[in-house]
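Analysis of the macromolecular model
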Amino acid sequence: MGVGHSSLSSCSVDSLCITAFIAQPKTSSFSNSNRQKPLFPTKKQSPFAVLKIGTLNCARVAGEMEIEKGIAAAGKPIVDRHGIDDGWIQKIVYDALVWSSLHGLVVGDRNDQRSGKLPGVGMVHAPIALLPTSFPESHWKQACELAPIFNELIDRVSLDGKFLQDSLARTKKVDAFTSRLLDIHSKILEMNKKEEIRLGLHRSDYMLDEKTKLLLQIEFNTISSSFAGLGCLVTDLHRTLLNDYGEALGLDSKRIPGNTATGQFAEALAKAWTEYNNPRAVAMIVVQTEERNMYDQHWLCTLGITYNVRTIRKTLAEIDSEGQLLPDGTFLVGGQAVAVVYFRAGYAPTDYPSEAEWRARLLMEQSSAIKCPSISYHLAGTKKIQQELAKPNVLERFLESKEDIAKLRKCFAGLWSLVDADITKKAIEKPELFVMKPQREGGGNNIYGDDVKETLLRLQKEGSEEDAAYILMQRIFPAVSPTFLIRDGICHKDHAISELGVYSAYLRNKESVIMNDQCGYLMRTKVSSSNEGGVAAGFAVLDSIYLT
Ligand code: ADP
Ligand code: MG
């Protein structure tokens, strides 16, 4: 996600902070407090080497610069990017900042209070990697191939209400947020309501484990999968930079795969709107009250331009006060019929500060509007369900193709419930090999390192059922590579690890599958020294991939 419109998250969600990259104050996983979504650390907090570009002499054109140490011969990728001459780096950084400003690769500036509310006010370039990160072509193809299979799996899981309720039954007892989602799901089951038209706009996140060379899934996001818009722009930026500097750097812009996530997401939303078949109805984007990642969302407005579908943006509180459910299931907001509800909010407890927001969620769910995601899709994307699906023989319950099942299983990391005493013991002994995850989206909620051990020991001592709130996951260790990360106009030279997110869209009307496609990608890169989900300051940026 993503991190609050205040942040850049890894997440399913809209954050601008990539979860693990960010320092987070510890809060109870279950509190419904107004936790601030993680933000990038301030410059002061960033413990990384900084290349100041203020002194850049722009009059020095690239051709005049000497290609010094570390520049590879054209055609061969540079192994040590930190070997590139500083003068070149400064010039490329300058061009990247100009390009980002001119092309809408921007987010709200947290230094401007109005930047989360008003478009066009207080904008800053999005945090970006200066150059694309190397990624093996074979693993890229594998990730793309998995997309339609995961789409189908999630759709089928969403139809199995009993599986969702049973799998989350223990979690429900101890996690108030998941419990509320399950209550809505139960009400829908009681109504015997069928979602004939189902739309999923997903992002499956992976890390490439260095030791085993396995592409392993981090999580599957079914709600508010963010950065399709800005991710496409980073791809364009990197291609542009390599067109200008690639020859000197030994990098070929054609090795960066094209990224059409924005267009394909807009197309899926437009097709869903068409299926709803009410030419006067609008598409509604459910947003948070403040959204610093609003430009990523506004990029989907091609929906209006290309497809002539009118969109409105509403918060859950506004939907509660303006929403009306007609007896035939039509959902009206401010008197307008809504064909498609696209959630860029509603994934975190903080999105529901009062009963009004929960009322709005239920009302939409009860309506005939197409929800992206429906409550079932939302639940199917929880970490607990990810862990249940990884158990032996569970995929077989949903999919027939042995080949597809094998492909999915190959990308599953070790996933366990805390009921497994052997694994819990192992995690206490070697906590650095595990990540502990609550049922949360948006980043900054996971537990790492010694905190895993402490939390497990505490849970054992208390003997409560709170263990059901978490899953344990094998920690994945991707390769570390030298990189340049730009934030707030400052270029940081550091070593980083990356996470590849592959977008996908699924649209179905009864028996007819209208869309089941992979839709572009998002690379996120963070400093390898950051204590993920822990206390140390972190720093993550949007990136693209360079196929090797
Ligand atoms: P969220 O829903 O908050 O985004 P994730 O499961 O994606 O939760 O975890 C957040 C971040 O933590 C990821 O983006 C990744 O950087 C890191 N992370 C999660 N799981 C693992 C893992 N098993 N190994 C290593 N890093 C992980
Ligand atoms: Mg995530």
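Residues numbered from 1 in each chain as written. Chains lettered and ligands numbered in written order. Predicted model: local features only at pLDDT ≥ 70, side-chain atom pairs only at ≥ 80, totals over all residues. Heavy atoms only, no water.

Convention followed: UniProt positions are given in the numbering used here, feature names are shortened, and annotations may be inferred rather than shown by experiment.
As annotated in an unreviewed UniProt entry, the protein chain carries the name Glutathione synthetase and is attributed to Gossypium anomalum. A UniProt comment under Pathway (unreviewed entry) is attached to the protein chain, and it reads "Sulfur metabolism; glutathione biosynthesis; glutathione from L-cysteine and L-glutamate: step 2/2." For the protein chain, the Subunit (unreviewed entry) comment in UniProt is given as "Homodimer."

1. Here's the deal with the packing of helix α2 (residues 137-159) against helix α15 (residues 402-410)
In plain terms, the rule: Axis definition: a line fit to C-alpha positions, over the contact stretch in the case of helices; interaxial angles, taken between N-to-C directions, run 0 to 180 degrees. Labels follow the DSSP assignment, with helices taken as runs of H or I lasting at least four residues and strands as runs of E lasting at least two, numbered in each case from the N terminus. Should an angle fall under 35 degrees it is called roughly parallel, over 145 degrees roughly antiparallel, and 65 to 115 degrees roughly perpendicular, with every other angle called oblique. Any two residues whose heavy atoms approach within 4.5 Å are treated as being in contact. Charged means Asp, Glu, Lys or Arg here, nonpolar means Ala, Val, Leu, Ile, Met, Phe, Trp, Tyr, Cys or Pro, and polar covers whatever is left, Gly included.
Across the interface, α2 lies against α15 with an axial gap of 10 Å and an inter-helix angle of 105°. What the angle tells us is that α2 and α15 run roughly perpendicular. On α15, the residues that touch E145, L146, I149, F150 and L153 of α2 are D404, K407 and L408. In terms of residue class, the contact of α2 with α15 is made up of five nonpolar, no polar and three charged.

2. Topic: the nonpolar core
As a rule of thumb, nonpolar side chains are buried together in soluble globular proteins. What counts, and what does not: Among buried residues, those of type Ala, Val, Leu, Ile, Met, Phe, Trp, Tyr and Cys that are joined through side-chain atoms within 4.5 Å constitute a nonpolar core. Buried residues are those whose accessible area, probed at 1.4 Å on protein chains only, stays under 20% of the maximum for their type, while exposed residues exceed 50% and partly exposed ones sit between those limits.
Core analysis: the biggest nonpolar cluster contains 130 residues, and L199 and M284 have the highest contact counts within it. Per element, the largest residue contribution to this core is eleven residues, and it comes from helix α6 (residues 228-249). Apart from residues no more than four positions distant in its own chain, M284 is found in contact with I312, K314, I319, F331, V333, V338, V340, V341, Y342 and M364.

3. A look at the pairing of strand β12 (residues 336-343)
Selection rule: The rule for pairing is simple: two strands pair if DSSP sees at least two bridges between them.
A large share of β12 lies buried, amounting to seven of its eight residues. Where strand β8 (residues 282-287) meets β12, five bridges bridge the pair, whose relative direction is parallel. Looking across to β12, one finds that A283 is bridged to V340. Both strand β11 (residues 331-333) and β12 contribute to a ladder of two bridges, which runs antiparallel. Note that in β12 the partner of V333 across the bridge is Q336. Connecting the antiparallel pair β11 and β12 is a turn made up of two residues, with G334 showing a positive phi of about 55°.

4. A closer look at the environment of E400
Note the threshold: N or O atoms within 3.5 Å of each other form a polar contact, as long as, within protein, one can give a hydrogen and the other can take it, and as long as residues adjacent in sequence are counted only when both atoms are side-chain atoms.
Mapping E400 onto the fold places it in the loop between α14 (395-398) and α15. Of note is the side chain of E400, whose polar atom sits 2.9 Å from the side chain of R156.

5. Considering the confidence of the model for the protein chain
In plain terms, the rule: Per-residue confidence from the prediction method is given by pLDDT, with values spanning 0 to 100.
Across the protein chain, the average pLDDT comes to 86, with 84% of residues at or above 70. Scored below 50 in pLDDT, residues 52-75 makes 41 contacts in the model with residues more than four places away or belonging to other chains. Within the model, pLDDT remains below 50 along residues 533-538, and this stretch shows 25 contacts once partners closer than five positions in the same chain are excluded.

6. A short note on the layout of surface pockets
Spelled out, the test is: Residues are called lining when one of their atoms sits within 4 Å of a cavity or pocket point, these points coming from a 1 Å grid over the protein atoms alone, where a cavity is a set in which a 1.4 Å probe fits but cannot get out and a pocket is an open set with protein on both sides within 12 Å along at least five of seven lines. Grid points are joined across faces, edges and corners, and a volume is the space filled by probe spheres set on the points.
Within this model, the second largest pocket holds a volume of roughly 520 Å³. If you trace the second largest pocket, you find 27 residues lining it, with T133, S134, F135, A479 and S481 closest to the centre. Of the residues forming the lining of the second largest pocket, the biggest block, five residues, is contributed by strand β19 (residues 490-509). Looking at the lining of the second largest pocket residue by residue, the classes come out as 16 nonpolar, six polar and five charged.

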